[in-house]
Amino acid sequence: MAARLAALAANEGGKSALLRRLIAEALDVRAPSAAPLPIGRPEKVTLRLRESEMRQLAEIAHRRGMTRTGWIVALVRSRLGSSVQPSPDEREALRAIVRELNRIGGNINQIARAANAGVQQGSAIEPALADICEARAVVESVLCQLRRVFDENAGYWEVGR
């Protein structure tokens, strides 16, 4: 049965996508309007552009930190409704945000351990309000950075840019 499920799922974007669709159908729930998952192996497309267009394309892609091919693929995918791959600068910004969130998680775990240790010893220790407020401010700052990266990426690929 597992092999038959895997074979059927291969044409549906994977087992998770197939199961999600089957459950939605069974529950008579409309699936959100999202782009279909890419299925199959990539195929080559040949495109002919004039020399001036190639220079312009190279310039635009370079400003974005992408190759010409990468830029064209991202453009086409954005028009197909797929999530666009971030540029190298955006990827680095996202990595920095993830690192910061990991640090924050570590700090919160330390605060929770200290609070739990105090409770286990019979003396409730309240985490310093200043530490909690500082962690909250950092989380809000990182969330703003994250929104900015996603908004800039989405805005870049809007029609007419």
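Quick note: structure is the one above.
Residues numbered from 1 in each chain as written. Predicted model: local features only at pLDDT ≥ 70, side-chain atom pairs only at ≥ 80, totals over all residues. Heavy atoms only, no water.

Novice: Tell me about the pattern of salt bridges, and please be specific about residues and values.
Specialist: In the structure shown here, the tally under the stated rule is 7 salt bridges. Residues Glu92 and Arg95 are paired through a salt bridge, measuring 3.6 Å at the closest nitrogen-oxygen approach. Within this pair, Glu92 and its partner Arg95 are both found in helix 5 (residues 88–120), separated by 3 residues, close to a single helical turn. A salt bridge links Glu92 to Arg99; the shortest N-O distance between them is 3.3 Å. Look at the salt bridges and you will find they share partners, linking Glu92, Arg95 and Arg99 into a network. (Salt bridge = Lys/Arg side-chain N within 4 Å of Asp/Glu carboxyl O. Helix = DSSP H or I, 4+ residues; strand = E, 2+ residues; numbered from the N terminus.)

Novice: Just give me the short version of the packing of helix 3 (residues 51–64) against helix 4 (residues 68–79), but keep the residues and values in it.
Specialist: At a closest axis distance of 8 Å, the pairing of helix 3 and helix 4 adopts a crossing angle of 85°. With respect to helix 4, the axis of helix 3 lies roughly perpendicular. Across the interface between the two elements, Met54, Leu57, Ala58, Ile60, Ala61 and Arg64 of helix 3 pack against Arg68, Trp71 and Ile72 of helix 4. Of the residues assigned to the contact of helix 3 with helix 4, the class counts are 7 nonpolar, no polar and 2 charged. (Axes fitted to C-alpha atoms, helices over the stretch in contact; angles between N-to-C directions. Parallel < 35°, antiparallel > 145°, perpendicular 65-115°, else oblique. Contact = heavy atoms within 4.5 Å. Nonpolar A, V, L, I, M, F, W, Y, C, P; charged D, E, K, R; others polar.)

Novice: Hey, could you go over the packing of aromatic side chains for me, with residue numbers and the actual values?
Specialist: Enumeration over the complete set of coordinates arrives at 2 aromatic pairs. Ring geometry for Trp71 versus Trp157: centroids 5.7 Å apart, planes at 45°, classification tilted. One end of the pair, Trp71, is in helix 4; the other, Trp157, is in the segment after helix 6 (129–156), and 86 residues separate them in sequence. Trp157 carries the same exposure label as Trp71, and that label is buried. Over the aromatic face of Tyr156 sits the side chain of Arg64, whose NZ or CZ is 4.0 Å from the ring centroid. (Phe/Tyr/Trp six-rings, centres within 6.5 Å; stacked < 30°, edge-to-face > 60°. Buried < 20%, exposed > 50% of the residue type's maximum accessible area, 1.4 Å probe, protein only. Lys NZ or Arg CZ within 6 Å of the ring centre and 35° of its normal.)

Novice: A description of the side chain of Ser87 should follow, citing residues and the corresponding values.
Specialist: Of note, Ser87 is situated in the loop between helix 4 and helix 5. In this structure Ser87 comes out as buried when scored by relative accessible area, which is 4%. Look past the residues within four positions of Ser87 in its chain and what remains in contact with it is Arg64 and Met66.

Novice: For helix 2 (residues 15–26), give the residues involved together with the corresponding values.
Specialist: With 12 residues, helix 2 extends 16 Å between its outermost C-alpha atoms, agreeing within 8% with the 16 Å of an ideal straight helix rising 1.5 Å per residue. Along helix 2, the residues that are buried comprise Ala17, Leu18 and Ala24. Buried residues in helix 2, looked at end-on, bunch into an arc of 130°, giving them a common side. Within helix 2, the exposed residues directed more than 90 degrees away from the buried face are Ser16 and Ala26. Residues of helix 2 that are buried make contact with helix 1 (2–10). Two residues or fewer past helix 2, Asp28 is found with a positive phi of approximately 55°. (Expected span 1.5 Å × (residues − 1). Arc of directions from axis to C-beta.)

As far as function goes, none of this settles anything; it's purely spatial.
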